[in-house]
Each structure stands twice: as C-alpha cells, then as structure tokens.
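Given next are the chains, with one letter for each unit.
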Amino acid sequence: QVQLVESGGGLVQAGGSLRLSCAASGGTFSMYTMGWFRQAPGKEREFVAAISRRSYSRYYADSVKGRFTISRDNVKNTVYLQMNSLKPEDTAVYYCAADSDYSDLRSRTYEYDYWGQGTQVTVSS
C-alpha cells in the first residue's frame, strides 16, 4: 500500500511557475511508474504527465508539452511537476498517482493504483 501526499500548489499569475511535489510512503517507490493528473471544476480528471521507474522515459499531454516537466528522486521517494508559463486553463486540482504496471507509461485514470488527495493550482489572468 502506497500513500501519496501532494504539496506546492497555490495561486500564481499567468506566465508564472510552480513546482508540485508528491511524497510517497509505505511502498517501494522505485517500483512504480508515477503520473500527474488534474481535474478542473465540472470536468473529468485528465492526464498531465508520467515518468518511468528510473526516469528513462517521460510522457506528456499535448496541452502541457514544452511547459511542464516531470521528474523523480528515488532516494527521497518524491515525484515533481515543474510547471512554467502557466495559463488560466491550467487551473485545477492536481493529483499524483502510482502505477504498479511498469511495462509502459499510461494515461488513463483507471490504470493507476494509488492516488494522493490533490493540491489546488489556481492561475489568474
């Protein structure tokens, strides 16, 4: 059983940056593919980015490609999401998730086994 706790959300102006963190405990962090998702009010939860167990591969949604960077530190059991050039449409609750099937980087919510509680990101125009 893996517990995930996100932090780093907040209010930022358009064009600004934030770095989200997700600390994992209760499992072998390096055995999981990690992902970030987000959910805006009235919308379904959507994929943002994923990273393989040893950071060899990364996968991004088209909407964030070139602006967001996912990374991980397997010593600190933490995954990060660096968000630059933020836009108002990036406003959402951001969730990290762990996928025990490490054969591929996946983007569907049902493919992930463990979820954090989320952290709010608000981008003002």
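What counts and how
- Residues numbered from 1 in each chain as written.
- Predicted model: local features only at pLDDT ≥ 70, side-chain atom pairs only at ≥ 80, totals over all residues.
- Heavy atoms only, no water.
- Buried < 20%, exposed > 50% of the residue type's maximum accessible area, 1.4 Å probe, protein only.
- Helix = DSSP H or I, 4+ residues; strand = E, 2+ residues; numbered from the N terminus.
- Pairing = 2+ DSSP bridges.
- Salt bridge = Lys/Arg side-chain N within 4 Å of Asp/Glu carboxyl O.

Draft legend 1. Broad picture of the pairing of strand E11 (residues 119-124). Side chains Thr 119, Val 121 and Val 123 project from E11 onto a buried face, and the interleaved Gln 120, Thr 122 and Ser 124 project onto a face without burial. Looking at chain direction, strand E9 (residues 92-99) and E11 are connected through three bridges and run antiparallel. Within E11, the position partnered with Ala 92 by the bridge is Val 121.

Draft legend 2. Quick peek at the pattern of salt bridges. With the rule as written, the count across this model stands at six salt bridges. Measuring nitrogen to oxygen at the nearest pair gives 2.9 Å for the salt bridge that ties Arg 38 to Asp 90. One end of the pair, Arg 38, is in strand E4 (residues 33-39); the other, Asp 90, is in the loop between strand E8 (78-83) and E9, and 52 residues separate them in sequence. For Arg 38, a relative accessible area of 5% gives the class buried. The partner of Lys 65 in a salt bridge is Asp 62, with the nearest N and O atoms 3.1 Å apart. For Lys 65, a relative accessible area of 49% translates into the label partly exposed. Each member of the salt-bridge network shares a partner with another, and the members are Arg 38, Glu 46, Arg 67 and Asp 90.

As far as function goes, none of this settles anything; it's purely spatial.
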